[in-house]
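What the coordinates show
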Amino acid sequence: GVVVEGLRIPAPSGWPAADALRAERVTVVPTLRSLVRGDPYRIWSVTLHRPYLSLVRGRSGKLVALPGLRADSKAPDEATGGSRRVSLREVEVEDGVLEIFDSRVSTPPLQIRIEQVEASLREMIVPTLLGRSEFEIEGVVKGVHEDGTVQISGWADIGTRDSSITTRLRSVDLVPLQRYLIRKGEAGVRGGRFDLDLHSEVRDRRVHAPGTLSLADLQLESESGALGTFMGVSRGAVRAAREEKGGRIGLDFTIEGDIDSPEFS
């Protein structure tokens, strides 16, 4: 195989992080037969040890990774030695760090940091990205007052955008993520944590995702806010629900819509 030490891909100007990707060590193990036969070249495994990856979500909602590295969208021209397919059997991440910068919800972008990332991705073909790839991801979501955990598993076909994904968050700090919950002018959050269970299915460009959100030890800012509400509910109702249920508020929800629609969020 091939071992790369000290891999670093610097981020372009204007990117909110210094690096797009870095890793202490990358180990690539090919299948020898595919090196002779080719098309696709088959890689048995790729292991990234202590990698760092930064992602940016733009105002349009699109998530961008590895800016400047773009797959060739043209059909390969074998006569001129054009690009060939590479089949990855398994990609492993050991003790990684993921940073997501979301400029859709705030300026400067909201920063979400996930550490101790352990991940596995199986069966992916590049550059076409066609076919079903299975994956599991787990890590620690950094917070202001305490850290939580995240587990994501399922499969996705990036080419068709079909997917089946289960997400589980536990004891995640509400403070750094409150912009996803409150409307402009509503009361802010001083403390609290949340659990989330979400199962998302995308078929034929439509998503159906039932979930459950549970808020615990919620503490709102003392100021009432222009709207006097939290997540669209009056502060009084939130306070009463919190006291009635021992400090925990739970709700069920479903996300549905056409992912190609400009109005869908």
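The structure displayed is predicted, hence computed values, not measured ones.

1. Describing a nonpolar patch on the surface
Where nonpolar side chains cluster on the molecular surface, the patch consists of Leu32, Leu35, Val36 and Tyr41 and spans about 440 Å² of accessible area. For the nonpolar patch, the element with the most residues is helix α1 (residues 32-37), which contributes three residues. Position of Val36 relative to the elements: it lies in helix α1.

2. Quick notes on the side chain of Arg235
Residue position: Arg235 is located in helix α2 (residues 235-244). Among buried charged residues, Arg235 stands out as having no salt bridge; its nearest opposite-charge side chain is Glu221, 8.1 Å away. From its side chain, Arg235 meets the backbone oxygen of Glu221 in a polar contact 3.2 Å long.

3. Here's the deal with the confidence of the model for the chain
Here the chain averages 87 in pLDDT, while 92% of its residues score no lower than 70. Predicted confidence is poor over residues 71-81, with pLDDT under 50, and the contacts of this stretch with residues over four places away or in other chains come to six contacts.

4. Describing the packing of aromatic side chains
Applying the stated rule across the entire model yields zero aromatic pairs. Above the face of the Tyr52 ring, Arg22 is positioned so that its terminal group lies 4.2 Å from the ring centre. Residue placement shows Arg132 over the ring face of Trp155; its charged tip is 3.6 Å from the ring centre.

Calculation criteria
- Residues numbered from 1 in each chain as written.
- Predicted model: local features only at pLDDT ≥ 70, side-chain atom pairs only at ≥ 80, totals over all residues.
- Heavy atoms only, no water.
- Patch = residues over 30% accessible without salt bridge, like charges linked within 9 Å, V, L, I, M, F, W, Y side chains within 5 Å.
- Areas by Shrake-Rupley, 256 points an atom, 1.4 Å probe, with all protein chains shown as cover.
- Salt bridge = Lys/Arg side-chain N within 4 Å of Asp/Glu carboxyl O.
- Helix = DSSP H or I, 4+ residues; strand = E, 2+ residues; numbered from the N terminus.
- Buried < 20%, exposed > 50% of the residue type's maximum accessible area, 1.4 Å probe, protein only.
- Lys, Arg positive; Asp, Glu negative; His and termini not counted.
- Polar contact = N/O pair within 3.5 Å; in protein donor to acceptor, adjacent residues only side chain to side chain.
- pLDDT = per-residue confidence, 0-100.
- Contact = heavy atoms within 4.5 Å.
- Phe/Tyr/Trp six-rings, centres within 6.5 Å; stacked < 30°, edge-to-face > 60°.
- Lys NZ or Arg CZ within 6 Å of the ring centre and 35° of its normal.

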